[in-house]
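Here are the chains, one letter per residue:
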Amino acid sequence: MSENNTLLQVENLHTSFFTDNGEVRAVNGLTFRLDAGKTLGIVGESGSGKSVTAYSIMQILAETGRIVEGSVKFKGEDLTKWNAKQMQAFRGSKCSIIFQDPMTSLNPVFTIGYQLEEAILLHTDKTKKEAKERAIEMLTLVGVNEPEARVKQYPHELSGGMRQRVMIAMALACEPDILIADEPTTALDVTIQAQILELMQELQKKMGMAIIMVTHDLGVIASMCDEILVMYGGRVCERGTADAIFYHPAHEYTKGLLRSIPRADNMNERLVPIGGTPINLLQMPEGCAFCPRCDAAMKICLTQKPDEYRVGDDHLASCWMNVKELYDSQEENGNGE
Amino acid sequence: MANEAKTTSEYLLEVEHLKQYFPVRQGFHTVMLKAVDDVSFAIRPGETLGLVGESGCGKTTVGRSLLRLYQPTAGRITFDGKVLLDTGEQYDENGRPVLDASGKPVKGPAIEPDMFPFRRQMQMVFQDPYSSLNPRMTVEDIIGEPLDVHKLYSSKAERRDKILELMELVGLNAEHAMRYAHEFSGGQRQRIGIARALAVNPKFIVCDEAVSALDVSIQAQVVNMFEELQDKLGVAYLFIAHDLLVVHHISDRIAVMYLGKVVEIADADELNGSPIHPYTLSLLSAVPIPDPETARHSKRIVLEGDVPSPLNMPSGCPFRTRCRYATEQCAAEMPPLSDRGDGHMVACWNK
Ligand SMILES: Nc1ncnc2c1ncn2[C@@H]1O[C@H](COP(=O)(O)OP(=O)(O)OP(=O)(O)O)[C@@H](O)[C@H]1O
Ligand SMILES: Nc1ncnc2c1ncn2[C@@H]1O[C@H](COP(=O)(O)OP(=O)(O)OP(=O)(O)O)[C@@H](O)[C@H]1O
Ligand code: SF4
Ligand SMILES: [Mg+2]
Ligand SMILES: [Mg+2]
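Residues numbered from 1 in each chain as written. Chains lettered and ligands numbered in written order. Predicted model: local features only at pLDDT ≥ 70, side-chain atom pairs only at ≥ 80, totals over all residues. Heavy atoms only, no water.

Residues and elements named next belong to chain B. Spatially, β6-β7-β8-β3-β9-β10-β12-β11 is the arrangement adopted by the eight strands of the open sheet, whose pairing is mixed. Two strands lie at the open edges of the sheet, namely β6 (122-125) and β11 (338-339), each paired on one side alone. Across four bridges, the pairing between β6 and strand β7 (residues 204-208) is parallel. From the neighbouring strand, Q123 faces β7, where its bridge partner is I205. (Pairing = 2+ DSSP bridges. Helix = DSSP H or I, 4+ residues; strand = E, 2+ residues; numbered from the N terminus.)

Below you can see the structure in the form of structure tokens.
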């Protein structure tokens, strides 16, 4: 594999927030690689560190947050060593983010047209007039109709889904190398969602843009992603292709996740959520992070963190069950011979 | 007072001819954006009405204006037998405005009681958790605020117990209580908003995309919680969401909106099994099945024609610019909602 095709390499990333109540360990040793033109999907429980991972790459963590260990390399250069000015240039022109919550990035006191134009002027070398045209063009591409009227409106005058699309337009307008999309389509209906995903894939083909897609939407993951990371408690618990994850889940958390989806055949039943309370990041369990909620937990899960085991081609999972199965099958084979 | 007189009705909430227009500047003049245009529906006690439709069709605006977070342009809203709002327009049995000899609408007296007593009974979980929670407040105070406002506890300890109970209900850890709203993930914030809405034991909750930022497992937990509360306390919901599988799962009946108007209302299974309105048909054909194989091969349905805008509404039926069945009548007049049997209401001339 060609090393120079790698855009982003995250290694053993640890990010914590130092709050009045103690150290919140949001990300605990995350490793992944992203190649140009590829799409990496991240799924995982609410609070598992998906957004914090994205913010760590961009270095836009809240004041109390800090990368405490590990590296984030962009084309081989460690971003964690870059100064504020270098990072400023990186954000926007090299790497754009679509925030989970549109109102975090839209300013309520400026019209959306003004904000779009400012972003385009800041990150590209377009003139004012070109920026204006580009803003309208981008709004049309993301399915906002009557863009000429909409640019004069303020964020609170748009519907939730429109705000989300404005933000997508803003991120894509600068044609970044890497696009981080944090739940980009949560507020969108399926038709518009399809239109937006198509637009992203088009840009990906045209410019070799790489995408990190954080989402809990199975359909989006399945149709877009080359590789999927499943996160739990700030770590990757399973990684592989969409088919591997959905048809052969190998971590108990992933299995539980797949059981809780509403389907056409369980309309009149209660859904099956994963039992127990979510992990407390102030007090991480010693062994497997999922252990306190796992029906299959064994003694070893309590005390030792499982390593990543290969369970198939391009499919790895950190769950002791796989080791047990491996032993069991070896024993069976051994006895049989 | 007229609005104090309780009328008996099988419904907890009745919305009639609700209109919500916003002025928008376009060039040198101001035009009216008709976000909600003549919407009527009713919800029984302990019932869930799902509300679905394209982004921007007016779902959030319906929720906000029926709680009078906006000043509705026109309409009549009755809650628990009391009038919440009546702007005075009169309608005949076909739903057309009653006009006097000179062609002006006949108006009765307008009624607009103080909302404070109703606030406790009617709550909303907001679509945008970030802007609806004060980032500088601790979770304990965010959830406790409505308890304070309505004085719903007798001691500090009781207040705290209530808050912790609510947090557990939505799957938040007790140690989260002292943390600030900005320290939470998107899905955690959404659950703080839900706990806050539940704090005052309301009879009715507008859930605006209340589970859309949650991963499927926590979504399942919260959906179950909504259903359990309904079984136990008889809470009614207006459940707004774009995920049709979740809406189908939780709703007793579903209303479909298109460009500010309700085009179809029916029992949830009935609507999914035998939809009638051309827009509902295309909406349902696009439900993504949570399976990679199917997702890869499913084709996106493309509705023909220009997507109209609420700034520039087509005459007659709002869907006619994209409808395969459109005829001259569709351009001339808006079809009324008519009953096609068992309360399956459809607004369409040709289907
Ligand atoms: N500023 C902060 N201070 C303290 N803790 C924080 C802060 N920001 C995030 N956290 C914590 O870090 C953990 C990871 O948060 P993150 O936002 O990455 O979750 P997520 O995986 O994106 O979840 P969701 O799907 O709900 O958006 C959460 O438990 C959250 O409470
Ligand atoms: N305060 C306001 N001022 C002006 N226009 C508004 C205002 N609030 C909403 N609108 C407009 O009303 C229309 C309906 O918006 P609404 O938020 O109700 O849509 P929605 O169905 O909830 O969409 P979504 O699924 O995207 O959240 C939109 O065209 C929007 O721009
Ligand atoms: S009324 Fe006419 S245009 Fe509207 S949905 Fe029915 S057939 Fe189509
Ligand atoms: Mg997040
Ligand atoms: Mg909305």
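Having put the structure on the table, let's press on.
A word on helix α6 (residues 186-198) of chain B. Residues and elements named next belong to chain B. The end-to-end C-alpha distance of α6, which contains 13 residues, comes to 19 Å, matching closely the 18 Å that a straight helix rising 1.5 Å per residue would cover. Most of α6 sits out of view: 12 of its 13 residues are buried. Along α6, the residues classified as buried are G186, G187, Q188, R189, Q190, R191, I192, G193, I194, A195, A197 and L198. In this fold, the buried residues of α6 make contact with β6, α3 (129-132), α4 (139-149), α5 (156-169), β7 and α7 (216-233). (Expected span 1.5 Å × (residues − 1). Buried < 20%, exposed > 50% of the residue type's maximum accessible area, 1.4 Å probe, protein only. Contact = heavy atoms within 4.5 Å.)

The subject of this paragraph is the site of ligand 1. Taken together, 22 residues surround ligand 1, and among them S46 and G47 of chain A together with R179, S185 and G187 of chain B come closest. One finds residues of chains A and B in close proximity to ligand 1. Here an oxygen atom of ligand 1 sits 2.7 Å away from a polar atom, N or O, in the main chain of G47 of chain A. In the model, an oxygen atom of ligand 1 is placed 2.7 Å from a nitrogen or oxygen of the R179 of chain B side chain. Coverage of ligand 1 by the protein chains reaches 96% of its 640 Å² of free accessible surface. (Near = heavy atom within 4 Å. Polar contact = N/O pair within 3.5 Å; in protein donor to acceptor, adjacent residues only side chain to side chain. Areas by Shrake-Rupley, 256 points an atom, 1.4 Å probe, with all protein chains shown as cover.)

Residues and elements named next belong to chain B. With domains assigned, chain B is organised as domain 1 (13-121 + 202-346) and domain 2 (128-201). Here domain 1 and domain 2 have C-alpha centroids that lie 29 Å from each other. Tallying the contact residues gives 18 residues for domain 1 and 14 residues for domain 2. The contact between domain 1 and domain 2 buries some 1,400 Å² in all, and 68% of this surface belongs to carbon and sulfur atoms. If you sort the residues of domain 1 by the area they bury against domain 2, R120, P202 and M225 come out on top, with a joint share of 38%. Taken together, domain 1 and domain 2 are joined by zero salt bridges. At the level of secondary structure, the elements contributing two or more residues to the side of domain 1 that touches domain 2 comprise α2 (116-119) and α7. Top element by residues in the side of domain 1 that touches domain 2 is α7. It accounts for six residues. Taken together, the residues that form the side of domain 1 that touches domain 2 break down as 12 nonpolar, two polar and four charged. (Domains from an automatic or database assignment. Buried area = accessible area lost by both parts, 1.4 Å probe. Salt bridge = Lys/Arg side-chain N within 4 Å of Asp/Glu carboxyl O. Nonpolar A, V, L, I, M, F, W, Y, C, P; charged D, E, K, R; others polar.)

Turning to helix α1 (residues 59-66) of chain B, a few remarks are in order. Residue and element names in this part refer to chain B. Along α1, six of the eight residues are buried, which leaves the element largely enclosed by surrounding structure. Listed in full, the buried residues belonging to α1 are K59, T61, V62, G63, S65 and L66. Positive phi shows up at R68, right after α1, with a value of about 55 degrees.

With that settled, consider the interface of chain B and chain A. Between chain B and chain A, the contact holds 60 residues from the first and 63 residues from the second. Together, the buried faces of chain B and chain A total about 5,200 Å²; carbon and sulfur atoms form 55% of this surface. The salt bridge involving D101 of chain A is made with R189 of chain B; its shortest N-O contact spans 4.0 Å. One can count 10 residue pairs in polar contact (both at pLDDT 80 or more) joining chain B with chain A. Where the side of chain B that touches chain A is concerned, the elements lending two or more residues are β1 (13-26), α3, α6, α7, α8 (244-250) and α11 (292-297) of chain B. Ranked by residue count, the leading element in the side of chain B that touches chain A is α7 of chain B, at 10 residues. Here the residues of the side of chain B that touches chain A sort into 23 nonpolar, 21 polar and 16 charged.

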